Amino acid sequence: MPDRADARTKTGVETDAAAGGAREARPAVRVQGLWKRFGDQVAVAGIDLELPAGKFVGLVGPNGAGKTTTLSMVTGLLRPDMGKIEVAGHDVWTDPVEVKSRIGVLPEGLRLFERLSGRELLAYNGRLRGLPGDEVDKRATQLLDVLDLAGSQHKLVVDYSTGMRKKIGLAAALLHNPEVLFLDEPFEGVDPVSAQTIRGVLERYTRSGATVVFSSHVMELVESLCDWVAVMAAGRIKAQGTLAEVRGDAPSLQNAFLELVGAGGRDAGDSLDWLGGSR
Amino acid sequence: MSVLDAPVTSAAPAAPTTGLTPIFVSLKLTLLRNGLRQSSGRRAVFVVSLVFTLLLAAAQVLGLVLLRGNEHAGTVVVLLTGVVALGWAVLPLFFPSGDDTLDPTRLVMLPLRPEPLIRALLVSSMIGIGPLFTLCLVVGSVLALAHGAAGIVFAVLAVPLTMLLCVALSRAVTTANVRLLNSRKGRDLAVLSGLVIAVGIQFVNFGAQRLGQAGGLSTLDPAADVVRWLPGASAVASVDAASDGSYGVAVAQLLITVAALAALMWMWQRSMVRLMTSPDGSTLAAAEPAREESGRGRLSALLPEGRTATVMQRSLRYVARDPKTKAAWVTALAVGAIVPLLNAVQGTGSVYFACFAAGMLGMQMYNQFGQDTSAFWMVALTISSPRDAYVELRARAFVLLLLTLPFTLIVCAVTAAVIGDWQALPGALGLSFALLGSMLATGAVASALFPYSIPQEGAFKNVVPGQGGLAWISILGGMLAAALLAAPVIVPTIWMHVTDRHDALWLLVPGGLAYGALVGWAGLRIAARRTAARLPEILAAVSKG
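Here the structure is a predicted model, which means the values were calculated and not measured.

A. Highlighting the overall build of chain B. A tally of helices and strands in chain B yields 24 helices and zero strands. Per-residue burial over chain B gives 45% buried out of 545 residues. For chain B, the proportion of contacts with a sequence separation of at least 24, taken over those separated by at least 6, is 80%. In the structure as shown, chain B presents an accessible area of about 25900 Å², 71% of it carried by carbon and sulfur atoms.

Structure below.
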């Protein structure tokens, strides 16, 4: 698998410098009519998505909205019932060679090879992706350093905390310098210090012209990080566009989101009127 | 006046020492009852195991009573009690029971003094199926041994003492190791227990056969003479001694048990006090010293770049580090060696029994991706063509061969040496190679077509609920197919033996090797195409653990 680090630092940054014209033309991810059903339950009900390249994209929605299912299908880890998915201009299911070398993935709820140490996991992953050994070692050292894992690089991943697991997973996803990075709930269960570290690395990574697609249900986080947002609920896309477009007139993304998923006007009403009353 | 209305006194209230034991006993009974109320499945399991245990215990008591008067009764009973006591000491390490009343860390916030707490825990530990079984056994033992008034007196003392000793032994061992048991290392240890059982059964089987041949129970007398003086069995042995009229010996043996019980209680109390007054074990894993730099520079530098070496290295590390993989490998290696060799030692075997080793190890090729657990996604993301899948599967097969080929050679050669039948060695080798190649082929195909999840916890669960059928189809069908595939080598082997062409048997070595390699290669090619086409399906199947 060729390494595109050099290619992109030349073309990617130049295109960005040229007002991102070329990247606007080819979206990072294009999804058309995507369906997935588990038994009677429709997890993803025919979604169309177009995620622009070079942006920090947030996929938001309540629990059970179909975010993980969508990301799994987009990254080739789950076979869709119907629909077409293109990543960086290549079809995920008919052209896996082109797609798999261009994406990095941090899934949620799947294990890592936990009986390897952090460094061994990176070495394993980098070499599986065909990078030369010396290069893998160099990049692993830097990633472990930046992600604050250098001290525990020789500990087995099975003994890592949640935050450390997310960070080593992120390092493994970044190791081959992918064009598009898919992160499923990267901040779930992560302590604030680790979260800030992850955030710093991701911001630096998108500045180089790469695309980050991540799912979350923490609106403040999405609002502060993302340029572009897609809102999902009950297996459908409720809205997609720049942060400003999706937010519209609402005071915050949180309010806009509640409005979109139909939970806006719900408050406790009279049913709990005794609560906080005279004792 | 309720507790809430009572005036607050500056003096700390005396710890409730008097009624602690009845409270614990009723707590234990309540927990047992509530546990059973939770699900009918659990109730069924409890009833079945209770009935089974009672039947077993009844049979044992009956057997022991029938043994009464036999000249070897003392030997058998003493050894049996010794084994049971050993079981009480060792089993808690492998099967950490979910016994809520007896987990001292749950009682940490209560104002309890150590001595009454230990007493209460000891008595409430006596409730359960295990103690009931032990009680039946001990009662049966003394029934088999006690003669005369002195014998009965010692029997009455020996039964409760032995029971208390067993329970105290188990609790002391558990409490001393609770930090280990709650850590990752302890859970790893529990997973490895399957291996102890699997290998142990082979030895018990062998021992029983040996006993049948070697002139009966008198061979055990020397062992029993030692065990008589060990706490655990010594109280029961004292009944035997008292019945024979050697009262001095009997008193000494009884005192050994009493002293051991006191020592155990003291140790238990000490480790419990330490456990309950020092920080808990939850940070133990984090505080564990980092692994040595595991030689990225050393080992990896020797390996070529690319997927083959990378996958092999990862697989070998898993054989050494992952308890499930390690248990499977060690079991296969041990059983694969024990069956042909023990049969050879007994003079009942044939060199061809050594093929069993190849068969056992070939099984490790089955469900390759299930062994990855859901971490298979990392592999799936780097496989984009049948070629990638082929290299991945081939590397895993290489690991298998790396361990299996020398092992098969050694087992075949040693078996031939023990039996003294060097003539059949080439036949056994050729057959082993062909069998190994066929197992690799069918194992690879089964890995692609019938993957299933392997739960990571628990020693005896190797399939998650709902995938048992899949696992059986995969392994049973695969083994039948492997036997059929190896037929082109099996048939000539039989033919050469039947027609007495022993001088041509050497042909089977290159023949078996070539055929095994060919079949293995073909199997990997077929499996690679299926694997590359079924990546999401395989990932879904192995992620249920």
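B. Structural detail: the overall build of chain A. Counting its secondary structure elements, chain A contains eleven helices and ten strands. Counting all 279 residues of chain A, 56% fall into the buried class. Taking contacts inside chain A between residues at least 6 apart in sequence as the whole, the part at least 24 apart equals 67%. Of the roughly 12000 Å² that chain A leaves accessible, carbon and sulfur atoms contribute 50%.

C. Just helix α5 (residues 118-128) of chain A, in detail. Residue and element names in this part refer to chain A. The element α5 is extensively covered by neighbouring structure, given that eleven of its eleven residues are classed as buried. Among the residues of α5, those classed as buried are G118, R119, E120, L121, L122, A123, Y124, N125, G126, R127 and L128. At the C-terminal side of α5, G130 shows a positive phi close to 85 degrees.

D. Looking closely at the sheet that holds strand β8 (residues 211-216) of chain A. Residue and element names in this part refer to chain A. Strand order in this open sheet of six strands is β6-β7-β8-β3-β9-β10, and the pairing throughout is mixed. Looking at which strands have only one partner, the edges of the open sheet turn out to be β6 (103-106) and β10 (236-242). Taken pair by pair, the neighbouring strands of this sheet meet at an average axis angle of 15 degrees, ignoring direction. Pairing geometry for strand β3 (residues 56-60) and β8, over five bridges, is parallel. By the bridge assignment, V57 is partnered in β8 with V213. Running over the sheet, helix α3 (residues 67-74) touches β3, β7 (180-184), β8 and β9 (228-233) and is turned about 150 degrees from β7. Each of β6 and β7 is contacted by helix α7 (residues 162-174), which is oriented at about 170 degrees to β6, the strand it contacts most.

E. Representation of the side chain of S141 of chain B in the model. Residue and element names in this part refer to chain B. Inspection of the secondary structure assignment puts S141 in helix α5 (residues 129-145). We classify S141 as buried; its relative accessible area is 1%. When near neighbours in sequence (up to four residues on either side) are disregarded, S141 contacts L64, V77, T81 and V236.

F. Expanded view of the interface of chain B and chain A. With 44 residues of chain B at the contact, the number on the chain A side is 39 residues. Our enumeration of links across chain B and chain A arrives at four salt bridges. Scanning the region where chain B abuts chain A turns up ten residue pairs in polar contact (both at pLDDT 80 or more). For the side of chain B that touches chain A, a count of residues per class yields 18 nonpolar, nine polar and 17 charged.

G. Spotlight on the packing of helix α20 (residues 425-449) of chain B against helix α22 (residues 487-498) of chain B. All names here are of chain B. Contact pair α20 / α22: the axes reach a minimum separation of 9 Å and the direction vectors enclose 165 degrees. Compared by their axis directions, α20 and α22 come out roughly antiparallel. In this structure, the crossing between α20 and α22 has a hand that is left-handed. Taking contact as the criterion, the partners of G430, L431 and A434 in α20 are, on α22, V489, I490 and T493. Here the residues of the contact of α20 with α22 sort into four nonpolar, two polar and no charged.

H. Just the environment of L429 of chain B, in detail. Within the secondary structure layout, L429 of chain B lies in helix α20. Along the primary structure L429 of chain B and V411 of chain B are separated by 18 residues, whereas in three dimensions their C-alpha atoms are 9.7 Å apart.

I. View of the environment of L112 of chain A. Within the secondary structure, L112 of chain A sits in the loop between β6 and α5. We classify L112 of chain A as buried; its relative accessible area is 11%. Residues L112 of chain A and A172 of chain A, spaced 60 residues apart in sequence, show a C-alpha to C-alpha distance of 9.9 Å. Beyond its immediate stretch of four places on either side in the chain, L112 of chain A contacts L121, V157, R165 and I168 of chain A together with A375, W377 and M378 of chain B.

Analysis parameters
Residues numbered from 1 in each chain as written. Chains lettered and ligands numbered in written order. Predicted model: local features only at pLDDT ≥ 70, side-chain atom pairs only at ≥ 80, totals over all residues. Heavy atoms only, no water. Helix = DSSP H or I, 4+ residues; strand = E, 2+ residues; numbered from the N terminus. Buried < 20%, exposed > 50% of the residue type's maximum accessible area, 1.4 Å probe, protein only. Contact = heavy atoms within 4.5 Å. Areas by Shrake-Rupley, 256 points an atom, 1.4 Å probe, with all protein chains shown as cover. Pairing = 2+ DSSP bridges. Axes fitted to C-alpha atoms, helices over the stretch in contact; angles between N-to-C directions. Salt bridge = Lys/Arg side-chain N within 4 Å of Asp/Glu carboxyl O. Polar contact = N/O pair within 3.5 Å; in protein donor to acceptor, adjacent residues only side chain to side chain. Nonpolar A, V, L, I, M, F, W, Y, C, P; charged D, E, K, R; others polar. Parallel < 35°, antiparallel > 145°, perpendicular 65-115°, else oblique. Left-handed = near helix turned anticlockwise from the far one by under 90°.

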